[in-house]
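Below, each chain spelled out in residue letters.
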Protein chains: 2
Amino acid sequence: MFGDLMGMMGKLKETQQKIEETKKRLDTITVSEESADKLLSITMTANRELKSLEINDELLQDKEQLEDYLVLHINKAIEQATKINEAELGAVAKEGMPNIPGMDMFK
Amino acid sequence: MFGDLMGMMGKLKETQQKIEETKKRLDTITVSEESADKLLSITMTANRELKSLEINDELLQDKEQLEDYLVLHINKAIEQATKINEAELGAVAKEGMPNIPGMDMFK
């Protein structure tokens, strides 16, 4: 079921390298999040690094609304980035794992 | 080296369950991030969910400074949260993996 041990070790090393490459590639993928009224826009990499945040002057008039907007839309951006991050890294990790029915560690 | 297959499968199932438990626990751990001048404070869970964000009125006078502060300190909060997240989940995953010298997939 596992093939020979040396082959498995080679495969794991290969997977490890692919994970590092994928992490680098995720830095170049960005997600955009904008409030429906377009008063706040955010861009974030798929590694969850906030790259830019633009606040419309109108939002500065009401601090509570601004804080609520920020929490809501930053969380949405993080969620989007995390989905891409986990899908990409999960695919690489899964490829490198032995296939055991009923196991799904990287979902 | 791997012991018997049934034992390994049992261990993987156990690890999978521990990962789910750890993810839930990470929701209850929060990190705090504050600018040195205390004009901005942020709390975030170790699952990288922004819980609160408090902006001092003074920051509303200068939108560019506000945007810069937000990008800087939100990224610092995400970084702190990610460190805890990876340390906790990594420890569980590592415990559940066969020990192969030179392999460190979950660092």
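Owing to the predicted nature of the structure, the values given are computational and were not obtained by experimental measurement.

**Examining the overall build of chain A**
- Within chain A one finds two helices and three strands.
- When the elements of chain A are put in sequence order from the N terminus, they spell out α-β-β-β-α.

**Topic: the sheet that holds strand 3 (residues 50-55) of chain B**
- The sheet built from three strands is open, its strands ordered 1-2-3 (chain B) with antiparallel pairing. At either margin of the open sheet sits one strand with a lone partner, and together these are strand 1 (30-34) and strand 3 of chain B. Direction aside, neighbouring strands of the sheet carry axes that sit 10 degrees apart on average.
- Packed on one face of the sheet, helix 2 (residues 63-96) of chain A meets strand 2 (40-45) and strand 3 of chain B and runs near 145 degrees to strand 3 of chain B.

**Description of the pairing of strand 1 of chain B**
Residue and element names in this part refer to chain B.
- The alternating pattern of strand 1 places Val31 and Glu33 on a buried face, while none of Thr30, Ser32 and Glu34, on the opposite face, is buried.
- Bridge count between strand 1 and strand 2: five bridges; the pairing is antiparallel. Across the sheet, residue Thr30 finds its bridge partner in strand 2, namely Thr45.

**Describing the UniProt feature "coiled-coil region" (unreviewed entry) in chain A**
- UniProt annotation of "coiled-coil region" (unreviewed entry) refers to residues 5-32 of chain A when read in the numbering used here.
- Taken end to end, residues 5-32 of chain A has its terminal C-alpha atoms 44 Å apart, with 79% of it in helix and 11% in strand.

**Overview of the nonpolar core**
- Core analysis: the biggest nonpolar cluster contains 36 residues, and Leu53(A) and Leu53(B) have the highest contact counts within it.
- Residue assignment for this core shows that the elements contributing at least two residues are strand 2 (40-45), strand 3 (50-55) and helix 2 of chain A together with strand 2, strand 3 and helix 2 (63-96) of chain B.
- Not counting chain neighbours up to four residues away, the residues in contact with Leu53(B) comprise Glu67(A), Leu70(A), Val71(A), Ile74(A), Leu40(B), Ser41(B), Ile42(B), Leu70(B) and Ile74(B).

**Observations concerning helix 1 (residues 5-26) of chain B**
Residue and element names in this part refer to chain B.
- Given a rise of 1.5 Å per residue, 22 residues ought to cover 32 Å, and the 31 Å separating the end C-alpha atoms of helix 1 matches this to within 8%.
- Among all positions of helix 1, only Met8, Leu12, Thr15, Gln16, Ile19, Thr22 and Leu26 are buried. Down the axis of helix 1, the buried side of the element spans an arc of 130 degrees, and every buried residue falls inside it. Residues Met6, Gln17 and Lys24 are exposed on helix 1 and point more than 90 degrees away from its buried face.
- Packing partners of the buried residues in helix 1 comprise strand 2 and helix 2.

Calculation rules
- Residues numbered from 1 in each chain as written.
- Chains lettered and ligands numbered in written order.
- Predicted model: local features only at pLDDT ≥ 70, side-chain atom pairs only at ≥ 80, totals over all residues.
- Heavy atoms only, no water.
- Helix = DSSP H or I, 4+ residues; strand = E, 2+ residues; numbered from the N terminus.
- Pairing = 2+ DSSP bridges.
- Axes fitted to C-alpha atoms, helices over the stretch in contact; angles between N-to-C directions.
- Contact = heavy atoms within 4.5 Å.
- Buried < 20%, exposed > 50% of the residue type's maximum accessible area, 1.4 Å probe, protein only.
- UniProt positions renumbered as here; feature names shortened; annotations may be inferred.
- Core = buried A, V, L, I, M, F, W, Y, C linked by side-chain atoms within 4.5 Å.
- Expected span 1.5 Å × (residues − 1).
- Arc of directions from axis to C-beta.

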